[in-house]
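# Coordinates in review
Each chain, letter by letter, is given below.
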Amino acid sequence: MSTANPIRIGNLTDEVRDVFSAVTRYPVDILEPHASLEEDLGIDSVKLGEVFAVLREKFHLPDTLNMPRESLRSIESIATSLREYVQQNSFATSLPAAHVNGNGFANGNGHVNGNGHLNGNGHSNGNGHTNGNGLAYGNGHMNGNGHVPHGAPVFSREDFLNQVRDVFCTVTRYPVDILEPHASLEEDLGIDSVKLGEVFAVLREKYGLPAVMDLPREQLKTIAGIAESLSHYVAEKPTEFPAPPFPVAAPAPASQPVAAAAPVSQSPVHRFEDFDEQVRAIFAEVTRYPIDILEPTASLEEDLGIDSVKLGEVFAVLRERYNLPEVLDAPRESMKTIGTIAEALRRYVDLPQSGGLHDVPAVSNGHSNGNGHGTGSGFEQRPPVVEALENRPFEGKIALVTGSGRALGKDVAVYLASLGATVIVNSFHSREQGDKTVKEIIAAGGKAIHAWGSVANPQHVETIFEQIEQTYGGLDFFVSNASNGMLGKLEDLTPEHFEKAYRTNVIGLHQCALRAVNLMKRRGGGKIITLSSPACHGYVDYFGCMATVKAAVESLTKTMAIEFARYNIQVNCISPGPIYGELLNKWPESKRLIAEWEQATVCDRLCVDRDVSSFIGYLLSDAAKLFTGSVLVMDGGISVRWGGVSGAAAENVNATARSANSQQNVGVALPAYH
Amino acid sequence: MATKHDLSLVAALDSAEITAEIQTSYLRETEVQEAATIANQRRREEWVAGRIAAKYAFLDGEGFHESAGLGELYVRKLNIADLASFSSDAYRSVSVIRDRAPGGGPARVGWSSGSDTVQVAISHSAGYSCASLGTAGVCSLDLETPVQRVPEFYLQTFTHRERDWVGACAGAHGLNPEWLYTLLWSARECLLKTPRFTDLSLWHMPALEIDIPDGAERLVRIHDSKDLSGSFEFLQASTFRGAFRLAVAGSPNLILTAITEND
């Protein structure tokens, strides 16, 4: 059944524009209603066909709709035609479809300038170019229109030009009609140096051209110029091109750079041409504008509608990508176009990282952005807010503690809140306890909210982090405490037990961490704490499933520590031994095991929640900045004393070992379990 | 000494209010032509709205309409009826002149027939334009829209201290962090428009750390304001070149900051 929408005359232009935006993915701002679809916006006939299909569907338009070609030149003219149609037909949804109106989709010539220039700035459309590219051949071999004089050889100039043009067509995928021989490759056709390099590579392959050729740079600006330059080399291959060589333009001076090398060179990243393109690409990435639209000389504000904050975003990305200084010598006027910005930044990119700073205005006064960039000396000199609040060092910090409705997680949440952090309490099975934890924190003068959901459920994870983002916009600490798993002997465990444990402990950690990192980036960094168990390195009764997934947690912790370091995020794992509490009491044979564990410690007691919370607090502080990727065991010495094997098992192993040693009398270095 | 143009009105105009008729009847022909050279439609509409808002502010000052008293900065969101307070001839009799020279000063506004002009600050965002004038009034204005930005933006543009401030304000007062980050950006941009910072450009934003030690709770009223109209909140702020008083107005979707020359 059709879901056609009624056409509303009043906002038809906007509606049509929205459809164009949806189909082309161009920002609406770019889609100037009066701009030529082809010449200004670079929307070709096929794309226009897509738009029409959507319009037809959206408004239930008949295929027989009369839309003259000239009415299809701009969004406004299309909207006008639709408007007229609607006015003439009081209801626009009933005409049967007969055939696709092929007239409407293209003008048959399909000239697209490839640059998608906005109008109003005198940009040309790629057609009817005057030959401003130095191709006025003094030798009379080629006229200004690219035609070959009469009497051309079998392998004519025109043939070769067409072949070169075909190569351009293949590589760029532009319709051949667009590839006007005398159009400027860069300015009219939007063919950049890298794309030109691709073309050269194909030409080199196709005609067996040498890697080094003496081609004047100025001849490489048009297809005609390139064809003319290459013809000399091609003509020397009589087997392929039996015609006599036609004369070429005067050879370039020896001092000129080797032609074709510049655009196709596998050069360092920071070649000037490359850098300009990279800056443009970053603009495209941040603004989501099609790169063709981002004409280097267009005014950012007036032609492209890029405002100052958006420009700030671009600068932030540029700064990060190229480690650019916070302060540089660039006048305001240089910030008006992509081209001038690239030019202003270029010398800082080409200079060694520290080299570009000495000659800039002394405006920073020791300030730094705190991320290791910039002048480098300042941030520590400014007392941060948190330092002024001695007893609440985490004031202003946002902390997520998963599984914090009860037990250890709850204590961590309460403790961090007592240090000033705003805590996101997360619970799933213990929803009421989660609410209760929040109330307790608030009652104690702290700040907390409850984000219910399971870390093992992707949708819940999404919701939890959306809530954090909407509420706080960022995150400083993520304590991954949520856990799930079965205690039991291996023979009693099923695949489902392992899957469940893995999904919560490992996949849940991974998914939450990724989202946490995104929020931490906004805060300039952050800290992630994971929780494991020393038992994953040995044997503990009934812990086979949990030990396995905790081993994975430790491994994941180390990977995250390295991969997230670039965002100034430290990741550490605390591996506490048994912790007194309700969970420990649920352990099979808990009475026996607790007694054994207590006996194995050096302090005759197991951990309490606050032991772990305090240590988490330390790891989250700036004092622990150098900890990352660490797995820190806190078990009162149990694992040292037992070497990772629980009491009864250790006794058995020791007995076996003693027996083996005594019977076989071999010097096998068995672990020291005693 | 204060002049009649020291009235501290910021005229805010939504470009959606401007019909084609208003545009052609309120702008001078040269202004219409200049607008036509702006390729981007939104920007063009904002430009037109900015010109009309500036003219309105000038005409309002000339007539001492609804004086709020010296030193009391307030923003008035203009509607069709407000615009109609003055005739189209009056609008066309006023010119806004932009200093196009590199590093040129702020725009000025005055009677087209006369040589006396006054400085005008204009800013625009999301289809809105704001204008204020006066030699002792608003020195710079900046209007921004709080939206989510790329992650690098927060990391690279704002210092730890600013991020802490945003976190603390968001947590303590329920303010939208994007709104707060945009406020910090807007304050920076406002500074760039003042004579003290002409040597810096947008690139230098990270060096312009804004410290707002207290008063954040007063932002709640602005943050929750229904629309752009109303009085400003003033916050004492500082950057590495010293202290300044930051005026903030806005709504959940817009932030308007102002710095006055007297500060």
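Up top you'll find the structure we're talking about.
Before going into details, it helps to say that this report is about the structure given with it. Predicted model, so just to flag it, every value in this text is computed and none were measured.

Cut-offs and rules
Residues numbered from 1 in each chain as written. Chains lettered and ligands numbered in written order. Predicted model: local features only at pLDDT ≥ 70, side-chain atom pairs only at ≥ 80, totals over all residues. Heavy atoms only, no water. Phe/Tyr/Trp six-rings, centres within 6.5 Å; stacked < 30°, edge-to-face > 60°. Lys NZ or Arg CZ within 6 Å of the ring centre and 35° of its normal. Buried < 20%, exposed > 50% of the residue type's maximum accessible area, 1.4 Å probe, protein only. Helix = DSSP H or I, 4+ residues; strand = E, 2+ residues; numbered from the N terminus. Pairing = 2+ DSSP bridges. Contact = heavy atoms within 4.5 Å. Salt bridge = Lys/Arg side-chain N within 4 Å of Asp/Glu carboxyl O. Axes fitted to C-alpha atoms, helices over the stretch in contact; angles between N-to-C directions. Core = buried A, V, L, I, M, F, W, Y, C linked by side-chain atoms within 4.5 Å. Polar contact = N/O pair within 3.5 Å; in protein donor to acceptor, adjacent residues only side chain to side chain.

### Observations regarding the packing of aromatic side chains
Inspection of the entire model under this criterion finds 18 aromatic pairs over all chains. Joined through ring pairs, the aromatic side chains of Phe153, Tyr154, Phe158, Tyr181 and Trp185 of chain B make up one cluster. Geometry around Tyr567 of chain A places Lys521 of chain A over its ring, the cationic atom sitting 4.3 Å from the centre. The positively charged end of Arg245 of chain B is found above the aromatic ring belonging to Phe234 of chain B, 4.1 Å away from the centroid.

### Here we look at the pairing of strand β6 (residues 128-133) of chain B
All names here are of chain B. A large share of β6 lies buried, amounting to six of its six residues. The side-chain alternation of β6 yields two buried faces, one formed by Tyr128, Cys130 and Ser132 and the other by Ser129, Ala131 and Leu133. Bridge analysis of strand β1 (residues 9-14) against β6 gives five bridges, and the strand direction is antiparallel. Residue Val10 lies in a different strand from β6, and its bridge partner there is Ser132. Remark: two residues form the turn of the hairpin made by strand β5 (residues 117-125) and β6, two consecutive strands paired antiparallel; Ala126 in that turn has positive phi of roughly 50°.

### A look at the side chain of Thr422 of chain A
In this structure, Thr422 of chain A sits in strand β2 (residues 422-427). Judged by its relative accessible area of 2%, Thr422 of chain A falls in the buried class. If near-sequence neighbours (up to four positions away) are discounted, Thr422 of chain A is found in contact with Lys397, Ile398, Ala399, Lys447 and Tyr472 of chain A together with Gly171 of chain B.

### Focus on the pattern of salt bridges
With the rule as written, the count across this model stands at 33 salt bridges over all chains. Note that Arg44 of chain B is salt-bridged to Glu32 of chain A, the shortest N-O span being 3.1 Å. On the criterion of chain membership, the pair formed by Arg44 of chain B in helix α3 (residues 41-63) and Glu32 of chain A in the loop between α1 (12-24) and α2 (45-59) is interchain, its members lying in two chains. Here Arg44 of chain B falls in the buried class, since its relative accessible area comes to 17%. For Glu32 of chain A, a relative accessible area of 4% puts it in the buried group. Residue Lys410 of chain A pairs with Glu440 of chain A through a salt bridge whose shortest N-O separation is 3.0 Å. Placement of the pair is Lys410 of chain A in helix α12 (residues 407-418) and Glu440 of chain A in helix α13 (residues 431-443), with a sequence separation of 30 residues. One salt-bridge network, held together by shared partners, links Lys489, Asp541, Glu589, Arg592 and Glu596 of chain A.

### Focus on the sheet that holds β2 of chain A
Residue and element names in this part refer to chain A. In space, the seven strands of this open sheet follow the order β3-β2-β1-β4-β5-β6-β7, with parallel pairing throughout. Every other strand in the sheet has two partners, leaving β3 (447-452) and β7 (631-634) as the edge strands with one partner each. Across this sheet, the average inter-strand angle for adjacent strands is 20°, counted without regard to direction. Inspection of the sheet shows strand β5 (residues 526-531) paired to strand β6 (residues 569-576) by six bridges, in the parallel sense. Note on β6: the bridge partner recorded for Leu531 is Ile574. Sheet strands touched by helix α16 (residues 544-563): β5, β6 and β7. Its angle to β6, the strand with the most contacts, is close to 160°.

### Remarks on the nonpolar core
Within the largest apolar cluster, 95 residues are counted, with the highest numbers of intra-cluster contacts made by Phe20, Ile78, Phe283 and Leu318 of chain A together with Trp165 of chain B. Setting aside residues up to four positions removed in sequence, Leu318 of chain A forms contacts with Val279, Ile282, Asn323, Leu324 and Leu345 of chain A together with Trp203 of chain B. Judged by nonpolar contacts, the second largest core, of 52 residues, contains Phe465, Leu509, Met520 and Trp597 of chain A.

### A few points about unusual backbone geometry
All names here are of chain A. Unlike most non-glycine residues, Ala407 shows phi in positive territory, near 55°. Here Ala407 is to be found in helix α12. Phi at Tyr542 takes a positive value of approximately 70°, unusual for a residue other than glycine. Along the chain, Tyr542 falls in the loop between β5 and α16. By relative accessible area, which is 13% here, Tyr542 ends up buried.

### Things to note about the interface of chain B and chain A
Facing the 56 residues of chain B at the interface are 68 residues of chain A. Linking chain B with chain A are five salt bridges. The partner of Glu301 of chain A in a salt bridge is Arg43 of chain B, with the nearest N and O atoms 3.8 Å apart. On the surface where chain B and chain A come into contact, there are 13 residue pairs in polar contact (both at pLDDT 80 or more). Every element with two or more residues in the side of chain B that touches chain A is listed here: α3, α6 (151-157), α7 (160-173) and α8 (177-192) of chain B.

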